[in-house]
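Chain residues, written in single-letter form:
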Amino acid sequence: MEMQQTLSATTNPRVEAFKKDWYKFSRNPMSLLGLAVVILVIFCAIFADVIAPFPEDAGLAVYMERAFEGPSGQHLAGTDQFGRDVFSRMLIGLRYSLGIGLLVLALSVPFGVILGLLAGYFKGTWLDILIMRFTEIFMSIPPLILAMVVCTIFGNGYLFASIGIAVAWWPWYTRLTYNMVTSLSNELFIVYTELSGVKVMRIILREMLPNITSSVITKMSLDMGSIIITASSMSFVGLGVQPPTPSLGSMVSEGVAYLPEFWWLTIMPALMVVLIVMSFNLLGDGLTDVLAMEEK
Amino acid sequence: MKILKKTLRRVLHTLLVLLALSFLIFSFIRIIPGDPVRSSMGPMVPEETIQKIRSELNFDKPLPVQYFYWIKGIVTAGDFGMSLFTHRSVGEDIARYLPRSLELCLYSALLILMMGVLLGTISAVFKNSWIDNVIRVFTYFGVVTPPYAFAIFFMLLFSYSLRLFPIGGVPVMPAEYVRTGALGLDALLAGDFALYGKVMHSMFLPVLSLSIGGIAYQTRIHRSAMVENINADYIAFARVAGVGNGKLIFKHLMKPSFIPTFTVYGLQVASLLGNAFIIEVLFRYQGFSQYSLSVIMNKDPYGIVGVTLIFGIIFAVVNVLIDMGVSVLDPRIGLRGEA
C-alpha cells in the first residue's frame, strides 16, 4: 500500500489533477453525452465533404428531376427546391457554423481576457476606468444588433460576420476576468508574490492567468452555443456565409417559403442547430460542475 | 432620498455611456465604404442633387461637427435625422414602429415572468418528482433552441395543422383608431374589444415564440434559487416555528428567490427587442425590429444610429428599473455603479 502511494506521488501532478477532474466529469452521463456529441460534431465538420453523400450539392447544383423529395434512405433529410441533398448541405453548413463559433472565440477571448486582466490588476487606476467604461459602451446594446451593424458596415460575408459577433462578445470576457482578478488580488499568494518583487507582467501571466483559465474555458463552451445561435440568426437574414454556400440559418429561412408541405427544408437544419448547441451546453454544464466541486 | 440620489447618478452615468455609444456607431457609419447617399438614390440622379442632399444631411462636414448637429437636432427638436431608406425622418419611423414592438415585448415579458416563476416554483417544491423532471427537460430544450425554430414549429403545429392561429400578419387598423401605434392598445383606446381580441389572437404565436427561451431560462434560475433557499437555516427555523406550507413557500421562500430571478429577468427583458426581429419577419409583424433590420441591411446611416440608440436606451432603462427592483427586495444591496 505504502509503496503504491509513494509511486503515485512521484507521477506528474498535472496528470493526477486531470485524472481527478476527469473522474468528476465522467460521473455525469449527460456531460459524457455532451462531450461525445461535441467530438462527433467536430469530426463531421472536419470531414464534411467526405461524409456528405452528395458533396457537390453544397454549391450551385440543380437537379430538377429530384426536387422536393422527402427524407428517404438515399436523401436522409430530403432534397430542396433545386433537388440538392439537404443532409449534405447541412454538413457543410455545420462546418461553417462551427468555424464561425471558433473564430469568434479566437478573436474575442484573448482580447477580452487581456483587457480584464489589466483592468482587474490595476483596479482603481485610470487604466481600470478607461477599460471598464469602454467595455460598458459595447455592452450597452444587444449583441445581435451590434454584430449586425458591424457586419453590414464593414462588408457582408463569413469573416465580417465573425468579426461582428466578436466585437459584441469580448466585453463579457473582460467582465468575467475583471471580477475574478479583483477577488484574486486579495489572496495571500498574490500579495506575497508582489512583496517578493516579482514583475507585474509575470504576476498577471504566471499567477493570475492560470487561476482563471478553467472558468474562461467553461464559459467558452457555454458560449459556443449562443454564438452559433447568433450566427444562424444573422445568416437567417442573409448576413454571413453567402449563397450558394449553405449555412444552417439561411437554409431555415429559405425553407420557410415552402412550409408546410416541404417541412424538412426548415426542420432538419433547425434540428441540427439545436443538436450542436445542446451538445456544447451539456459539455459546458459538465465543466461547470467540475469547477463548482473544486471550489468546495 | 438616498435611493433617489443614487438613481439620478446612475441615470447620468447611463446618459454618458449612451452618448459614447452613439458616437462610436457614428464613427462606424462614416467609414462605410462607398457613398450611402449615392447608393440610396441610384445612378440616375445628377451629382448636384446628391451634393445638395449630402450637405443637407451634414455628410460633407467633419465627423465631430456632424455629430454635434445630430445631437443638437435630437435635443432641440427630437429630430434623429433623415432616413435614406424610407425618405422619412428617422424619429417619425421610430415613433411609428416602436410602440408595436414594445407591445409585443411587454406581453412577452409578462409571460416570461409569470411562467418562469410558476414553473420554477412547481419544479422546486416538487423537486426530483416526475413533474420536476418534465419541467427540467423542457427548460433544457428551451434554452438550446433558437427562437426562430420555435416560431416555425409553432407555425407548423398551431397554424398549418391545427388551424388555430393565423400564419402571420396582423389585423388591419382603421386609420381613425391609430393613436399610439401599439395595435392592442389602440384597439382598447377605441373601445373596440372585438378588434382587440383579433389582435391578441394574431399576436399569440409571435409572443409565445419570443418568450419560450426566456421562460425556460427563467424557470431554471428560479428553481435553483428556490432550491438553494429551501435548505437554508431560516426556512428550517420557520418550519419548526410552525409556519404553514403555503405561507412558507409564498412568503419566506419566494421573496429572497426573487433577487437572482429579477437580475436575470432584467437581462432577458432587455434583450427581447433585439431577439424579436426574426419573429417579426417570420410572422410579418412589421414592428421596430423589422424596421431596424431594414435600415441596418440598407446601410442607412441615420437610421442605424437612431435604432442603436433606441436599443441602448431601452437596455439602460430596463437595467435601471431592475436595479431599483432588486434594491427594494434586498435592502443589503445598494444600487450598482456607486463607486
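Residues numbered from 1 in each chain as written. Chains lettered and ligands numbered in written order. Predicted model: local features only at pLDDT ≥ 70, side-chain atom pairs only at ≥ 80, totals over all residues. Heavy atoms only, no water.

Is there a simple way to explain the overall build of chain B in this structure?
What chain B contains, in helices and strands, is 13 helices and zero strands. When the helices and strands of chain B are listed from N to C terminus, the series reads α-α-α-α-α-α-α-α-α-α-α-α-α. Taking the principal axes of its C-alpha atoms as reference, chain B extends roughly 85 × 55 × 40 Å. Evaluated residue by residue, chain B yields a buried proportion of 50% over its 339 residues. Contacts in chain B between residues far apart in sequence, at least 24 positions, make up 71% of those at least 6 positions apart. Each charge class in chain B was averaged separately, 29 positive and 20 negative side chains, and the resulting centres sit 9 Å apart. (Helix = DSSP H or I, 4+ residues; strand = E, 2+ residues; numbered from the N terminus. Buried < 20%, exposed > 50% of the residue type's maximum accessible area, 1.4 Å probe, protein only. Contact = heavy atoms within 4.5 Å. Lys, Arg positive; Asp, Glu negative; His and termini not counted. Charge placed at Lys NZ, Arg CZ, Asp CG, Glu CD.)

Could you clarify how one ought to interpret the overall build of chain A in this entry?
Scanning chain A for helices and strands turns up 12 helices and zero strands. Ordering the α and β elements of chain A from the N terminus gives α-α-α-α-α-α-α-α-α-α-α-α. Going through the 296 residues of chain A one by one, you find that 50% of them count as buried. In chain A, the share of contacts with a sequence separation of at least 24, taken over all contacts with a separation of at least 6, comes to 71%. Carbon and sulfur atoms form 69% of the exposed surface of chain A, whose accessible area is close to 13900 Å². Across chain A, the centroid of the 17 positively charged side chains sits 10 Å from that of the 22 negatively charged ones. (Areas by Shrake-Rupley, 256 points an atom, 1.4 Å probe, with all protein chains shown as cover.)

Mind showing me how you'd approach the interface of chain A and chain B here?
Much of the literature gives interface size as the accessible area that the parts lose upon coming together. Each partner contributes residues to the interface: chain A has 39 residues there, and chain B has 38 residues. Of the roughly 3600 Å² buried at the junction of chain A and chain B (both faces included), carbon and sulfur atoms supply 83%. In this structure, the connection of chain A to chain B is made through one salt bridge. For the pair chain A and chain B, the number of links is five residue pairs in polar contact (both at pLDDT 80 or more). Only helix 6 (126-139), helix 7 (143-154), helix 10 (200-236), helix 11 (248-255) and helix 12 (264-295) of chain A provide two or more residues apiece to the side of chain A that touches chain B. With 10 residues, the top contributor of residues to the side of chain A that touches chain B is helix 12 of chain A. Its residues assigned to classes, the side of chain A that touches chain B shows 29 nonpolar, seven polar and three charged. (Buried area = accessible area lost by both parts, 1.4 Å probe. Salt bridge = Lys/Arg side-chain N within 4 Å of Asp/Glu carboxyl O. Polar contact = N/O pair within 3.5 Å; in protein donor to acceptor, adjacent residues only side chain to side chain. Nonpolar A, V, L, I, M, F, W, Y, C, P; charged D, E, K, R; others polar.)

Just checking my understanding: could you explain the nonpolar core for this structure?
Generally speaking, soluble globular proteins have nonpolar side chains that are buried together. By size, the foremost hydrophobic cluster in this structure holds 171 residues, and its most contacted members are Ile165(A), Met234(A), Ile276(A), Leu282(B) and Phe288(B). Beyond its immediate sequence surroundings of up to four residues, Ile165(A) is in contact with Ile100(A), Val104(A), Ala147(A), Ile227(A), Thr230(A), Ala231(A) and Met234(A). Core analysis: the second largest hydrophobic core is formed by 11 residues, Ala124(B), Ala238(B), Met254(B) and Phe258(B) among them. (Core = buried A, V, L, I, M, F, W, Y, C linked by side-chain atoms within 4.5 Å.)

For this particular structure, what's the right way to read the environment of Ile3(B)?
All names here are of chain B. Considering the arrangement of structural elements, one finds Ile3 in helix 1 (residues 2-30). Residue class for Ile3 comes out partly exposed when judged on its relative accessible area of 42%. Sequence spacing of Ile3 and Ser327 is 324 residues, and the spatial spacing of their C-alpha atoms is 8.9 Å.

Honestly, the environment of Pro246(A) in this entry has me stumped. Any pointers?
Residue and element names in this part refer to chain A. Structurally, Pro246 can be placed in the loop between helix 10 and helix 11. For Pro246, a relative accessible area of 1% gives the class buried. Counting along the chain gives 158 residues from Pro246 to Ser88, while the straight-line C-alpha distance between them is 9.6 Å. Sequence-distant contacts of Pro246, defined by excluding residues within four places in its chain, comprise Ala58, Arg89, Ile92, Gly93, Tyr96, Val241 and Met251.

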